[in-house]
Amino acid sequence: MKQYIINVPHLQSVSKRLSSFALTVLCWVMWGYLLYPIITVINWLRGDYDVINEMRWFGGYKSLLELLQIYGVTLIILGAVWIVWILMRKLRRQRILPAAKKIVTDNEISEFYHVDVAQIHQFREQQNVTVFFDGDGKIIDLKTSSC
């Protein structure tokens, strides 16, 4: 089954665009936060010994162990939240699928897409139908063409 995604960001509401942008920024900040210790260790291995001074300043080896415990607990919590999210989506999808089997009549289709019922019957027999949209995403014209 092919699922086509029509990318028309100008039809999205401002709040949806802002929330998408904010979520993207939040995810990149989280990646940076998680990668910062790895980058610091790589710099230390390459010979940047300023890290040792920072480690001494913030409590040395014991402080590092406490931070590792915090990181470990944080990763376990994030993993648990991720697994719960996956399970909830799976359960929700199982509940929605039976409702998606509703039979839609040709009259409902023609009313929703603003197309004549006769055209719907004609287009069902065709193998190739071109759909033209206006700037708001509404169907303005349908043309058939043979393969």
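Residues numbered from 1 in each chain as written. Predicted model: local features only at pLDDT ≥ 70, side-chain atom pairs only at ≥ 80, totals over all residues. Heavy atoms only, no water.

**Some thoughts on the overall build of the protein chain**
The test is simple: Segments assigned H or I by DSSP are reported as helices when at least four residues long, segments assigned E as strands when at least two residues long, and all are numbered from the N terminus. Residue exposure (1.4 Å probe, protein chains only): buried if accessible area is under 20% of the type maximum, exposed if over 50%, otherwise partly exposed. With residues, only the protein chains shown are counted as cover, and all accessible areas are computed by Shrake-Rupley using a 1.4 Å probe.
Within the protein chain one finds five helices and two strands. Tracing the protein chain from N to C terminus, the helices and strands come up as α-α-α-α-α-β-β. When the 147 residues of the protein chain are sorted by exposure, 5% land in the buried category. For the protein chain, the accessible surface area stands at approximately 13700 Å², while carbon and sulfur atoms represent 65% of it.

**Overview of the layout of surface pockets**
Applied cut-off: Both cavities and pockets are sets of points on a 1 Å grid over the protein atoms alone; in a cavity a 1.4 Å probe fits but cannot get out, in a pocket the set is open with protein on both sides within 12 Å along at least five of seven lines, and lining residues sit with an atom within 4 Å of a point. Grid points are joined across faces, edges and corners, and a volume is the space filled by probe spheres set on the points. We call Asp, Glu, Lys and Arg charged. Ala, Val, Leu, Ile, Met, Phe, Trp, Tyr, Cys and Pro are nonpolar, and the rest, Gly among them, are polar.
Of the voids in this model, the second largest pocket is the one considered here, and its volume is about 290 Å³. Contributing to the lining of the second largest pocket are Cys-27, Met-30, Trp-31, Leu-34, Leu-75, Leu-78, Val-81, Trp-82 and Trp-85. Mapped by element, the contributors of at least two residues to the lining of the second largest pocket are helix H1 (14-45) and helix H3 (60-99). Among the elements that take part in the lining of the second largest pocket, H3 stands out by supplying five residues, more than any other. Taken together, the residues that form the lining of the second largest pocket break down as nine nonpolar, no polar and no charged.

**With respect to the packing of helix H4 (residues 106-113) against helix H5 (residues 117-125)**
Filter applied, for reference: Fitting a line to C-alpha atoms yields each axis, with helices limited to the stretch in contact; the angle taken between N-to-C directions then spans 0 to 180 degrees. Any angle between 65 and 115 degrees counts as roughly perpendicular, while under 35 counts as roughly parallel, over 145 as roughly antiparallel, and the rest as oblique. Should any heavy atoms of two residues lie within 4.5 Å, those residues are counted as being in contact.
Look at H4 against H5: their axes get within 9 Å of each other, and the N-to-C directions meet at 105°. Between H4 and H5, the angle falls in the class roughly perpendicular. Between H4 and H5, the residues in contact are Asp-106, Asn-107, Ile-109 and Ser-110 and Val-117, Ile-120, His-121 and Arg-124, respectively. Of the residues belonging to the contact of H4 with H5, the class tally is three nonpolar, three polar and two charged.

**A short note on the pairing of strand S2 (residues 139-144)**
Heads up, the rule is: The rule for pairing is simple: two strands pair if DSSP sees at least two bridges between them.
Of the pairings in the sheet, the one linking strand S1 (residues 129-133) to S2 comprises five bridges and is antiparallel in character. If you follow Phe-133 over to S2, its bridge partner there is Ile-139. What sits between S1 and S2 in their antiparallel hairpin is a turn of five residues, with Gly-137 showing a positive phi close to 90°.

**Let's talk about the pattern of salt bridges**
Short version of the rule: Within this document, salt bridges are pairs made up of a side-chain nitrogen of Lys or Arg and a carboxyl oxygen of Asp or Glu, the two lying within 4 Å of each other.
For the coordinates displayed, the defined rule picks out two salt bridges. For Asp-106, the salt bridge goes to Arg-124, with nearest N and O atoms at 2.5 Å. Of the two residues, Asp-106 sits in helix H4 while Arg-124 sits in helix H5, which places them 18 residues apart along the sequence. The buried category is assigned to Asp-106, whose relative accessible area is 18%. Residue Asp-141 is joined to Lys-143 by a salt bridge in which the shortest nitrogen-to-oxygen separation is 3.3 Å. The partly exposed category is assigned to Asp-141, whose relative accessible area is 30%. Residue Lys-143 is classed as partly exposed on the basis of its relative accessible area of 45%.

**Brief notes about the packing of aromatic side chains**
Selection criterion: Only Phe, Tyr and Trp rings take part, Trp by its six-membered ring, and two of them pair if their centres are within 6.5 Å. Stacked means planes under 30 degrees apart, edge-to-face means over 60, and tilted covers everything else.
By the definition in use, this model includes one aromatic pair. Taken together, a centroid distance of 6.4 Å and an interplanar angle of 70° make the contact between Tyr-33 and Tyr-71 edge-to-face. With Tyr-33 in helix H1 and Tyr-71 in helix H3, this residue pair connects regions lying 38 residues apart in the sequence. Among the residues examined, Tyr-71 registers a relative accessible area of 28% and is labelled partly exposed.

Taken by themselves, the reported measurements are silent on function.
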